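# A look at the structure
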Amino acid sequence: MSWTAHLTSFDRRWIYLLIALSVILPMFFPVSFPERVTEQTRSVYDAMEALPEGSTIMIPFEIWPSTLPETEPLARAAVRHAFMRNFKIVSLSNIGAGGPSITERVLREEGDAFGKIYGVDYVNLGFKANYLAVLTGMGTSIRSIYPTDHSGTPLDSLPIMQTVDRYDDVQFVFAISDNATIEYWISIVGARFGAKIGAGVTAVMAPKLFAYLDAGQLVGILGGMKGGAEYEKLINRPEWATRGMGAQSLVHLVIIAFIVLGNIGFIASRRNKAAE
Amino acid sequence: MMRGPIPVAVAFLAGIFMVISFFSTNPAIERVSGDFLNWVSIVSGFTILLGVVSIAHANWSKIQRRKEGWPYAVVLRVFRAGMLVSGFSEGVETGTVYDWLFTNLQAPMMTTMFSMLAFFIASAAYRAFRARTLQATLLLVTAIIVMLGRIPVGQAINSNLPDVTNWIMAVPNMAAQRGIIIGAALGAAATALRIILGLERTYMGRG
Amino acid sequence: MCGDTTRYAVTAAVIVALLACPAAAQETESPGSLFNTDRVNALLLMLAFCGAVLYFIRSSQRGKEMYIRPLPGLEAVEDGVGRATEMGRTVLFIPGTGDIDQAETFAGLAVLGKIAKITARYDTPLMVPCLYPMPLAAASEVVREAYTDAGKPDAFKPDMVRYMAGESFGFSAAVNGWMMREKPATNIFLGQFHAESLLMAETGNAAGAIQIAGTAQPEQLPFFIAACDYTLIGEELYAASAYLSKEPKYLGAVKAQDIFKITLTVLILAGALFTTFDAGWAETFRSWFEVH
């Protein structure tokens, strides 16, 4: 086999091996690069900063366990920022399989780290079936949809819920999502009920949301690991996402290297054929 | 499946009512449309039985005939029974056996499948991004710019790369996506209209 | 035909009754009004679009010729089934991973009916895995009916349409495993797809199948384009059943979509020009299209 043929037809297992090494090695030998903050990430940060201390915000966790490596870092960064500003957080999830557990875990761990108390500083409303009915219903009364929190405690007995019963009572919604529910948060909660919405989504979803950003229906977007890393930089707490960017950088470079090699082989073989 | 005029009439009335509810803020109409949506959830819940029966049938025949890989069908049945028993016996809330099984078995498996995308996109990109034509070359160059622009190394190579990447995502990419979305939305609207009017009966087995 | 007319008449009557309701006109701003006048523009656009679809369907039914551009992906369908027949292998068809409430699922199922007729005709094995139970029930009926129409009702086996898993990554794991074991000759992915699109398409490529895909999800299109031989983009998915069947109900709808798209393009261009040249009434023009 000629060298050009080798370059154009690498066994895909070699590619997989190099990708695996690019992900694993930065975990043992961390590499970090200075992160530049994009406008769409800064807008979310600015929106949160503009709220007075003690404001109440809503953070829905519309994420499946499958995308956690990408979405959890940005979720944690947003929750940390909220707790740093002493915001109260009302959370829920329209993902029945795993959503409430993820919400519970992230809020408890970050809440404990900041000395926040469940029911006073944050609440997990849990899951209710039929997200369209849930999102629409909460516009008139959260209690009509969630009479109790995730563990069955009546909302009326929770201090945080004394002043909250509809979207009008929360000052900002930061929707974390890995699926189409984000568009319902924008079109129902944002457009219909007038809530200010920011989005934290997977990197592959972010381009689709630029339309809403342009139209002013979204305040800002945190897109995937990079969005999370940028946010960690803004709140000056580089953690999971910043570390993950080392692996992401290396993987991107490996993919580019393979594309370049493939093209060198392709162009060379085309020239060889033309010469023959 | 029932194929007479009744399902067509139900589809027509439900469809028209949901259209009406979009144009109304009347509380009674909103309440009824909310009920319609709740019925969807309830009906969906019952249809899961269809899936359970289908998978049970396929697996049972595999085990009976000792087809290749039949022990995996046994594993599937054991775990499905385990999830069912744990879910029905003490619920699915945080701290239950069901939640433990979900968090420690299913969630890592789902995450693993999602992470496979990194490997698959690498091999697909290597194979697909070849400078065969002018358009393919443009696609190739754009992909490399965006990949570099999304990582800090790109910024180190050229400080303008992140801005160029953002422009590609926000302008040409967005324009193309909007075009696709508009066309697809019209297609979806025409399909919905055919369903409401009973012209489209694919779901009843009639093309 | 009479049934169609009645249906159209009832639909029009319901909508017009709503529009004409005197209470609606008076209580424009009331939060509990029967008709939300903030959405008059949406109603007019909807009526115009529905009218156009019904008009062109009727025109097509009356025999008016309607041209539909050839779609290479669909021209490859019959070849793909022929290839599977020659190789003695299966045709894999996935009607998306969306539930039955998605129009893309219906578009996929409509094409499934046409393809099942071809596989029935050639006695080619067919496999239709489904993610959700409702598309499973619908797909079963579609395939059963196609085999009956092809005169081979006994060739239909319930296991052809199979529930794999109720979660997309579990589903793609099951489908990928099946592809690597069974090595299907042709994979057809038509419907709504999400993150699992590349997992299945790349595995299908590794398994050596000819692959035809189509979805209206813009973020999944690059993956299909990279991993499949043919890809239907956005509305082409909805045009697929028209192209394969040439039935008036599909052809008319495609024609109306085209007319409406041209109209929207003109309106977008006008809006862009008014805004660019700062025409005094650009804001008014824009407000006509705002839906509250």
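Since we're looking at a predicted model, the values are computed, not measured.

Below, the discussion takes up the overall build of chain C. A count of helices and strands for chain C gives 12 helices and 6 strands. For chain C, with 292 residues in total, the buried portion stands at 54%. For chain C, long-range pairs separated by at least 24 residues make up 69% of all intrachain contacts whose partners lie at least 6 apart in sequence. When the accessible surface of chain C is totalled, it reaches about 12,100 Å², and 60% of it is carbon and sulfur.

Here we come to unusual backbone geometry. For residues other than glycine, phi is negative in most cases, and the peptide bonds are mostly trans. Here the phi dihedral of N86 of chain A falls at roughly 60°; this positive angle occurs in a residue that is not glycine. Mapped onto the secondary structure, N86 of chain A falls in the loop between helix 4 (68-84) and strand 2 (88-92). Even without glycine at this site, R66 of chain B takes up a positive phi of about 50°. Looking at where R66 of chain B falls in the secondary structure, it is placed in the loop between helix 2 (27-64) and helix 3 (70-90).

Moving on, we get to helix 10 (residues 235-245) of chain C. All names here are of chain C. Burial analysis of helix 10 places 9 of its 11 residues in the buried class, which makes it a mostly covered element. Taken residue by residue, helix 10 has E235, E236, L237, Y238, A239, A240, S241, A242 and Y243 as its buried positions. Once helix 10 finishes, K246 follows within two positions and takes phi at roughly 60°, a positive value.

A few words now on the packing of helix 8 (residues 172-196) of chain B against helix 3 (residues 40-61) of chain C. Viewed as axis vectors pointing N to C, helix 8 of chain B and helix 3 of chain C meet at an angle of 70°, and their least axial separation amounts to 10 Å. Judged by the angle between their axes, helix 8 of chain B and helix 3 of chain C are roughly perpendicular. Like other packed secondary-structure pairs, helix 8 of chain B and helix 3 of chain C cross with a definite hand, here right-handed. Where helix 8 of chain B approaches helix 3 of chain C, its residues L186, A189, A190 and L193 of chain B are matched on the opposing element by F49, C50, V53 and L54 of chain C. Residues belonging to the contact of helix 8 of chain B with helix 3 of chain C are distributed by class as follows: 8 nonpolar, no polar and no charged.

Tallying the contact residues gives 71 residues for chain C and 61 residues for chain B. Between chain C and chain B, a total of about 5,800 Å² is buried, with carbon and sulfur atoms accounting for 72% of that surface. Inspection of the region where chain C meets chain B yields 1 salt bridge. A salt bridge links E202 of chain C to R127 of chain B, with the shortest nitrogen-to-oxygen separation between them at 2.9 Å. Across the contact surface, chain C and chain B share 9 residue pairs in polar contact (both at pLDDT 80 or more).

Counting across every chain of the model gives 28 aromatic pairs over all chains. Plain terms: the ring middles of Y131 of chain A and Y184 of chain A are 5.3 Å apart, the flat faces sit at 55° to each other, and that makes the pair tilted. With Y131 of chain A in helix 6 (residues 131-137) and Y184 of chain A in helix 8 (residues 181-192), this pair connects stretches of sequence that are 53 residues apart. When its relative accessible area of 27% is taken as the criterion, Y131 of chain A is described as partly exposed. Following the ring pairs from residue to residue traces out a cluster consisting of F274, W281, F285, W288 and F289 of chain C. Over the ring of Y118 of chain A we find R108 of chain A; its NZ or CZ atom is 4.6 Å from the centre of that ring.

Further remarks concern empty space enclosed by the protein. Under the criterion given, the structure shown has 3 cavities of 30 Å³ or more. There is about 160 Å³ of room inside the largest cavity. Contributing to the lining of the largest cavity are 17 residues, with T38, Q40 and K226 of chain A together with R150 and N166 of chain B lying nearest its centre. Mapped onto the lining of the largest cavity, the elements with two or more residues apiece are helix 3 (39-49), helix 9 (206-214), strand 6 (221-223) and helix 10 (224-234) of chain A together with helix 7 (161-170) of chain B.

This next bit is on the interface of chain B and chain A. Listed by partner, the interface residues are 46 residues for chain B and 54 residues for chain A. For the pair chain B and chain A, the summed buried area comes to about 4,300 Å², and 66% of that belongs to carbon and sulfur atoms. Three residues stand out in chain B for area buried against chain A, namely Y126, R150 and P152 of chain B, and they jointly supply 17% of the buried area on that side. Scanning the region where chain B abuts chain A turns up 3 salt bridges. A salt bridge links R36 of chain A to D163 of chain B; its shortest N-O distance comes to 2.5 Å. Seen at the junction of chain B and chain A, the total is 16 residue pairs in polar contact (both at pLDDT 80 or more). Among the secondary structure elements, those contributing two or more residues to the side of chain B that touches chain A are helix 2, helix 4 (97-128), helix 5 (134-149), helix 6 (152-157), helix 7 and helix 8 of chain B. With 15 residues, helix 4 of chain B is the largest single contributor of residues to the side of chain B that touches chain A.

Right, let's talk about the layout of surface pockets for a bit. Residues and elements named next belong to chain C. The space that makes up the second largest pocket amounts to roughly 380 Å³. If you list the elements that add at least two residues to the lining of the second largest pocket, you get helix 10 and helix 11 (248-276). Looking at side-chain class alone, the lining of the second largest pocket contains 10 nonpolar, 1 polar and 7 charged residues.

Before going further, it helps to examine the sheet that holds strand 4 (residues 186-190) of chain C. All names here are of chain C. Overall, parallel pairing links the 6 strands, which are arranged 3-2-1-4-5-6 in an open sheet. Only two strands of the sheet have a single neighbouring strand rather than two, namely strand 3 (161-163) and strand 6 (230-233). Averaged over all neighbouring strand pairs, the angle between strand axes comes to 15°, with direction disregarded. In this sheet, strand 4 lies alongside strand 1 (residues 91-94) in parallel orientation, the contact comprising 4 bridges. Bridging across to strand 4, L92 finds its partner in N187.

Let's shift gears to the domain arrangement of chain A. Parsing chain A into structural domains produces domain 1 (3-30 + 247-275) and domain 2 (39-237). The centre of domain 1 of chain A, based on its C-alpha atoms, is set 39 Å off from the matching centre of domain 2 of chain A.

Here is what the cut-offs are and how they apply
Residues numbered from 1 in each chain as written. Chains lettered and ligands numbered in written order. Predicted model: local features only at pLDDT ≥ 70, side-chain atom pairs only at ≥ 80, totals over all residues. Heavy atoms only, no water. Helix = DSSP H or I, 4+ residues; strand = E, 2+ residues; numbered from the N terminus. Buried < 20%, exposed > 50% of the residue type's maximum accessible area, 1.4 Å probe, protein only. Contact = heavy atoms within 4.5 Å. Areas by Shrake-Rupley, 256 points an atom, 1.4 Å probe, with all protein chains shown as cover. Axes fitted to C-alpha atoms, helices over the stretch in contact; angles between N-to-C directions. Parallel < 35°, antiparallel > 145°, perpendicular 65-115°, else oblique. Left-handed = near helix turned anticlockwise from the far one by under 90°. Nonpolar A, V, L, I, M, F, W, Y, C, P; charged D, E, K, R; others polar. Buried area = accessible area lost by both parts, 1.4 Å probe. Salt bridge = Lys/Arg side-chain N within 4 Å of Asp/Glu carboxyl O. Polar contact = N/O pair within 3.5 Å; in protein donor to acceptor, adjacent residues only side chain to side chain. Phe/Tyr/Trp six-rings, centres within 6.5 Å; stacked < 30°, edge-to-face > 60°. Lys NZ or Arg CZ within 6 Å of the ring centre and 35° of its normal. 1 Å grid on protein atoms, 1.4 Å probe; cavity = no way out; pocket = protein on both sides within 12 Å on 5 of 7 lines; lining within 4 Å. Points joined across faces, edges and corners; volume = space filled by probe spheres on them. Pairing = 2+ DSSP bridges. Domains from an automatic or database assignment.

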